[in-house]
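So the chains spell out like this:
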Amino acid sequence: MTTFPLKRRTLLAGAIALGALPARTLAAASADTTDWHALGDDVREQMRWAWSQYRERAWGLDQIRPVSGGAESFPLKTHHLGLTLIEAMDTLWVMGLDAEFADALEWTKTRLDFAIDGEVSVFETSIRIVGGLLSAHHACGDPSLLAQARDMADRLLPAFATPTGMPHRFVNLKTGATRDPATNPAEVGTFLPEWGTLSRLTGDPRYHDVAKRAVTAMFDRRSKIDLLADTIDADTGRWLGRRASVGSGADSYYEYLWDGWQLLGDADCKRMYDVCTRGILAHQQDRRDGRLWFPDIDFETAKIVSTDQDELASFYGGLLAQGGAAETGAAYTRAWASVQDRFGILPEGYDYATAQPTMVTNALRPELADAAFNLWLLDRSPEWRAVGRDHFLAMKRWNRARYGYTAIADVTQRPMLQSDHCPAYWWSEQMKYYYLLFSDTPRFNYADNYLSTEGNVLRGLIRPARH
Ligand code: DMJ
C-alpha cells in the first residue's frame, strides 16, 4: 500500500478519473466542504471527555453504564478486569492523550490480575485483552504489557487442547477447566494475528502454532463448494449447522485469514482466504434494486436460507477490498451506507428483501466505520471519509449520554431510545477509526499498518522522536 499525502481536490480528481465514484456520490463529494482535521479534533475531544467520565465513575471496572453512571463486568460475570482501560489504551496513545495513557499504564502495572476463578469466552478475551495489551505494548514498549498479554494467553491455552485443535468456547482463568465444544468459525479462527505476534515477541512458538492449527482445522472442513457453516463440534469436528454467513459467528474467521497474510506474511492464510472468498463470491452474492447483499445460504447447496442481514456483516466490504475485490467491497459498503442514510444508525438486523429492520437495536457498533476506514486506506476516496463522518455525527447526536456514549434500544424512534451500555470495543474501534480517518496523525503509518478485528494496532504506530 502507498501513502497519498494529497490535497482533497487532487484526490477527488483522481477518483473521478478512475471512475471510482458513482454519480450521486460524486455530486456530494464535490460539494463536500468538511474540515477533516477539525472533525478529527472533535473525535479526540469526545474521547477525552468520555475517558474523564470513565476515570471518575468506573475506573478499573470493565464497562461504564453511560446513562446511570454505574458499571458492568465483562467478560467475567462477577469480577472486573479493567476491560475498557485495556481496550482504550492504543486509541488514547494514537490521539496523543499521553497523560491518560500513562495513567492507564500505571493501573495495569499495579492492579491487573488475571488469576480469577471464573469463566471467560476464549474468543472475546483474546481479541480484547490479549490484543489490547499487545497494542498498548506496541505503543510504548513497556515489557509489563507483554508479560500480561502472555499471562492471559497462557490461561486461554487449555481451550485448544481438543482432538481437532479447534478451541472450546469457555475457559476458567484459574483452573483451566474448559466447556462448550459447540462453536463457530469466528470463535475458532480469530487468534492468529495476536498469538503470532505473541510468539514473535516471546520466542515461544506455542501461541502461533495452536492458532494456526485451529484456523486450518476449520478450513479443512469446508464444503465441496468451499463454504463454511455456522456451528461445529470442536471435539468431533462434525458440523452442527448448515448456514453459511459473512456475519455473526463467521465474520472475523475470514478477516483473520487475510490478516494472517497481511500481518504475518503466512502464504497458507492467503491461500485459504482466496479459496473461501472465491466460494463466497461465487455463491453468496445477491443484487436487489442495484444493491449488493450477501444472504445466508446453505453451505452445501448454496440455497438462500435468509435475506436477513446482520449489522456485523457491514465490515465485510472493507475486507473484500483489502483482499483485492475492490469494486465488490465498495458496492457492499454502499448498500450498508444507504441503510445508514435511511435510519441514521444501522439497525442490528436488516432484511434487504423487505427493506425493513428485523432488530431495531444498535449495540454502539463500529463495523461500517471499520469498512469505510479500510476502503479509504486503499483508495483515499472522500466517499469513505463521508461515510465515516456520517457514522460519527449520528453517534454524537443519538448516542451521547450524561456519562459517555451508549448503545441504542431503538434506532427507528425519534429521538432514538437509548439503553445504558457502552461496550468496551467502542474505545478501541470506532473512536480510533474516526480519528485515523480524519486526522492524518503523524503517530500512525498510513502506508504500512495492521489493525486487528478489535481495532488494536499491532503494526503502524509511530513513536514521536525524543527532543
Ligand atoms: C468486535 O468485538 C469485533 O469487531 C468482533 O470481531 C465482532 N464485532 C465486535 C463489535 O461489534
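As the structure is a computational prediction, the values presented were derived from the model and not from experiment.

The next subject is the overall build of the protein. Scanning the protein for helices and strands turns up 18 helices and 21 strands. A globule of 467 residues ought to have a C-alpha radius of gyration of about 23 Å, and the protein, at 21 Å, matches this closely. Out of the 467 residues belonging to the protein, those deemed buried represent 61%. The contacts of the protein with a sequence gap of at least 6 include a subset with a gap of at least 24, amounting to 67%. With the model as given, the accessible surface of the protein reaches about 17600 Å², and the carbon-plus-sulfur share is 51%. Considering the protein, the positive charge centre built from 51 side chains and the negative charge centre built from 60 side chains are found 2 Å apart.

By rolling a water-sized probe across the atoms, one finds the places where empty space is left. Taken as a whole, this structure holds four cavities of 30 Å³ or more when the rule is applied. Roughly 160 Å³ of internal volume is contained in the largest cavity. Among the secondary structure elements, those contributing two or more residues to the lining of the largest cavity are helix H11 (251–264), helix H13 (316–322), helix H15 (367–379) and strand S20 (450–451). Ranked by residues supplied to the lining of the largest cavity, first place goes to H15 with four residues.

For the coordinates displayed, the defined rule picks out 33 aromatic pairs. With centroids separated by 6.1 Å and ring planes inclined at 85°, the aromatic side chains of Trp49 and Tyr405 adopt a geometry described as edge-to-face. Of this pair, Trp49 sits in helix H3 (residues 36–57) while Tyr405 sits in strand S17 (residues 404–405), placing them 356 residues apart in sequence. Residue Trp49 shares its accessibility class with Tyr405, and that shared class is buried. Counting every residue linked through ring pairs, the aromatic cluster contains Trp293, Phe294, Phe315, Tyr316, Tyr332, Trp336, Phe343, Tyr350 and Tyr352. Between the NZ or CZ atom of Arg206 and the centre of the ring of Tyr207, over which it lies, the distance is 5.4 Å. Here Arg222 stacks its cationic end above the ring of Phe219, 4.0 Å away from the centre of that ring.

Strand order across the open sheet formed by three strands is S8-S11-S12, with antiparallel pairing between neighbours. A strand with exactly one partner marks an edge of an open sheet, and here the two such strands are strand S8 (243–244) and strand S12 (304–306). Pairing geometry for S8 and strand S11 (residues 296–298), over two bridges, is antiparallel. For Arg243, the partnering residue across the bridge sits in S11 and is Asp298.

Moving on: unusual backbone geometry. Of the consecutive residues Phe74 and Pro75, the connecting peptide bond is found in the cis state with omega at 10°. Looking at the secondary structure, you find Pro75 in the loop between strand S2 (71–72) and helix H4 (83–94). Along the chain, Arg414 connects to Pro415 via a cis peptide bond; the corresponding omega equals -10°. On the secondary structure map, Pro415 appears in the loop between strand S18 (408–410) and strand S19 (417–418).

With respect to spatial proximity, the complete set of residues near the ligand consists of Ile127, Arg128, Leu312, Arg365, Pro366, Glu367, Tyr425, Glu429, Thr453 and Glu454. A distance of 2.6 Å separates an oxygen atom of the ligand from a polar side-chain atom of Glu367. A molecule is said to occupy a pocket when more than half its atoms come within 2 Å of that pocket's grid points, and by this definition the ligand occupies the largest pocket.

Our next topic: the pairing of strand S15 (residues 356–359). Pairing geometry for strand S14 (residues 349–351) and S15, over three bridges, is antiparallel. Each residue of the ladder has a partner; that of Asp351, found in S15, is Gln356. Here S14 folds back onto S15 in antiparallel fashion, the turn holding four residues, of which Ala355 has a positive phi close to 60°.

Take the layout of surface pockets next. Considering only enclosed or pocket space, the largest pocket measures out at about 720 Å³ in volume. Together, 40 residues line the largest pocket, and Phe74, Phe123, Glu124, Ile127 and Arg128 are the ones closest to its centre. Breaking the lining of the largest pocket down by element, the ones donating at least two residues are strand S3 (119–121), helix H6 (122–140), helix H8 (185–189), H11 and H15. In terms of residue count, H6 provides more of the lining of the largest pocket than any other element does, four residues in total. In the lining of the largest pocket, the residues fall into 15 nonpolar, 10 polar and 15 charged.

Now for the packing of H15 against helix H18 (residues 430–439). Between H15 and H18, whose axes approach to 9 Å, the crossing angle comes to 30°. Looking at the two axes, H15 sits roughly parallel to H18. When the axes of H15 and H18 are compared, the crossing they make is left-handed. Counted together, Ala369, Asp370, Ala372, Phe373 and Trp376 of H15 and Gln430, Tyr433, Tyr434, Leu436 and Leu437 of H18 form the full contact between these two elements. For the contact of H15 with H18, a count of residues per class yields eight nonpolar, one polar and one charged.

Considering all chains together, one arrives at 33 salt bridges under this definition. Of the charged contacts in the structure, one is a salt bridge between Arg65 and Glu72, with a shortest N-O distance of 3.4 Å. For Glu72, a relative accessible area of 16% puts it in the buried group. Between Asp204 and Arg206 there is a salt bridge, and its shortest N-O distance comes to 2.9 Å.

Cut-off values and rules
Residues numbered from 1 in each chain as written. Predicted model: local features only at pLDDT ≥ 70, side-chain atom pairs only at ≥ 80, totals over all residues. Heavy atoms only, no water. Helix = DSSP H or I, 4+ residues; strand = E, 2+ residues; numbered from the N terminus. Rg over C-alpha atoms; globule rule 2.2 N^0.38 Å. Buried < 20%, exposed > 50% of the residue type's maximum accessible area, 1.4 Å probe, protein only. Contact = heavy atoms within 4.5 Å. Areas by Shrake-Rupley, 256 points an atom, 1.4 Å probe, with all protein chains shown as cover. Lys, Arg positive; Asp, Glu negative; His and termini not counted. Charge placed at Lys NZ, Arg CZ, Asp CG, Glu CD. 1 Å grid on protein atoms, 1.4 Å probe; cavity = no way out; pocket = protein on both sides within 12 Å on 5 of 7 lines; lining within 4 Å. Points joined across faces, edges and corners; volume = space filled by probe spheres on them. Phe/Tyr/Trp six-rings, centres within 6.5 Å; stacked < 30°, edge-to-face > 60°. Lys NZ or Arg CZ within 6 Å of the ring centre and 35° of its normal. Pairing = 2+ DSSP bridges. Near = heavy atom within 4 Å. Polar contact = N/O pair within 3.5 Å; in protein donor to acceptor, adjacent residues only side chain to side chain. Sits in = over half its atoms within 2 Å of the grid points. Nonpolar A, V, L, I, M, F, W, Y, C, P; charged D, E, K, R; others polar. Axes fitted to C-alpha atoms, helices over the stretch in contact; angles between N-to-C directions. Parallel < 35°, antiparallel > 145°, perpendicular 65-115°, else oblique. Left-handed = near helix turned anticlockwise from the far one by under 90°. Salt bridge = Lys/Arg side-chain N within 4 Å of Asp/Glu carboxyl O.

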